[in-house]
Amino acid sequence: MKSEPSPLFTHHSPLSTIKGVIAVRVLVTGGAGYIGSHTVKELVKEGHHVVVLDNLSKGHRKAVPESILFEEADIADADRLNAVFRKYDIEAVVHFAAFSLVGESMVDPAQYFRNNVAGSLSLFEAMVKNKIKYIVFSSTAAVYGEPVCCPIMESESKSPTNNYGMSKLMIEQILHSFDAAYGLKHISLRYFNAAGADLSGDIGEDHEPETHLIPLVLKTALGQRDKVLVFGTDYPTSDGTCVRDYIHVTDLADAHILALDFLQKERRSDTFNLGNGQGFSVKEVIDTACSITGRKIPYENTARRAGDPAVLVAGSEKIKNELGWEPKFQDLDTIIEAAWKWHVNHPTGYKGKA
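Residues numbered from 1 in each chain as written. Predicted model: local features only at pLDDT ≥ 70, side-chain atom pairs only at ≥ 80, totals over all residues. Heavy atoms only, no water.

Caption draft 1: Structural view of the environment of Ile297. With respect to the secondary-structure elements, Ile297 resides in the loop between helix H8 (282-293) and strand E15 (299-302). Under the relative-accessibility criterion, Ile297 is labelled buried at 4%. Sequence-wise, Ile297 and Asp287 are 10 residues apart; in three dimensions their C-alpha atoms are separated by 8.4 Å. The residues contacting Ile297, other than those within four sequence positions of it, are Val217, Thr220, Ala221, Val228, Ile286, Ala289 and Cys290. (Helix = DSSP H or I, 4+ residues; strand = E, 2+ residues; numbered from the N terminus. Buried < 20%, exposed > 50% of the residue type's maximum accessible area, 1.4 Å probe, protein only. Contact = heavy atoms within 4.5 Å.)

Caption draft 2: A look at the pairing of strand E3 (residues 25-29). The buried count for E3 comes to 5 of 5 residues, which makes it a mostly enclosed element. A two-sided burial pattern is seen for E3, the buried positions comprising Arg25, Leu27 and Thr29 on one face and Val26 and Val28 on the other. As judged from the 5 bridges shared by E3 and strand E4 (residues 49-54), these two strands associate in the parallel manner. Bridge pairing in E4 places Arg25 opposite His49. (Pairing = 2+ DSSP bridges.)

Caption draft 3: Local environment of the environment of Phe70. Tracing the backbone through its elements, the reader meets Phe70 in strand E5 (residues 69-72). For the pair Phe70 and Tyr88, spaced 18 residues apart in sequence, the C-alpha to C-alpha distance is 11 Å. The contacts of Phe70, once residues within four sequence positions are left out, are Ala32, Val52, Asp54, Leu56, Arg61 and Val64.

Caption draft 4: Focus on the side chain of His248. Along the polypeptide, His248 turns up in strand E12 (residues 246-248). Engagement of the side chain of His248 in a polar contact is seen with the backbone oxygen of Ala197, the distance being 3.1 Å. With near-sequence residues (within four places) excluded, His248 lies in contact with Ala195, Gly196, Ala197, Leu199, Phe329, Ile335 and Ala338. (Polar contact = N/O pair within 3.5 Å; in protein donor to acceptor, adjacent residues only side chain to side chain.)

Caption draft 5: The sheet that holds strand E11 (residues 243-244), seen in detail. Reading across the sheet, the 3 strands line up as E14-E11-E16 and stay open at both edges, with mixed pairing between neighbours. Strands at the two margins of the open sheet, each flanked by one partner only, are strand E14 (280-281) and strand E16 (311-312). Pairing between E11 and E16: 2 bridges, direction parallel. Across the sheet, residue Arg244 finds its bridge partner in E16, namely Leu312.

If you want it as structure tokens, here you go:
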């Protein structure tokens, strides 16, 4: 552990242990994105010294407070990465930077392997060169493909059905190799459906195009969309619609902080699922949103999408037992209330944010 922070961190106190958490100088790649920006907020709250690196191809500069050190750069730019690592004397990385649209990954796999896999390789090489030993990696439940068991455990076979999931699995495999060869210690967090927004309503979900169910439902409530499409009503579930595990984005952020602290203290690599542990159907999401918003939300039943499993629910006992993680916002009402506050306050997303 390096003893003194970079002088560039003038708005922070010296490195210390805050509430038992070892404060470090951490680079957050993709920190202007949805999950990244929420994690940045929680990292700072816990006393960590944060630098955000984002090329803003998907993220939003307004999602990161002006008080946070920010570098607009791409993880594929090795020279910039090396310069950033040296400039801020970085000790650890939390890695979110990636393309994440499943459909797009099937139409244009080249950009997913180039951006996600080759870009991550560039980042890991720069970390090794600069003797940075710890990384928390944002992985995905898409590495599992079609589930054999439910809930899904970390030991489940990995057989991605799309190129996005394949790219994340490749990155996990590269991390294992870098650990064996160079001692790069990592935690890979495989999470399910990130949802909700910071309870302040200041930051939230803003994708273009939007593909996630809850923001699509809430945009329909705001009159920005005509209706919600429900893909399949004949699944073997309570109401015939797909069941998914929605996890509040702040709970996800907390898990990244625990993972970072685990690496500092235990100095060993591992992989954890992150989920709510319970599933909610598409119809439940729509009905709950109607109740929260007080508005009618039109929807249209249509055919199943190829490859959509009936139920996807995470088994998260491992991270609870080993890292002490517990989701604080498990109920669907709280998740949707938080998302609704963000959408009402920022109906055009970050375009309308001061």
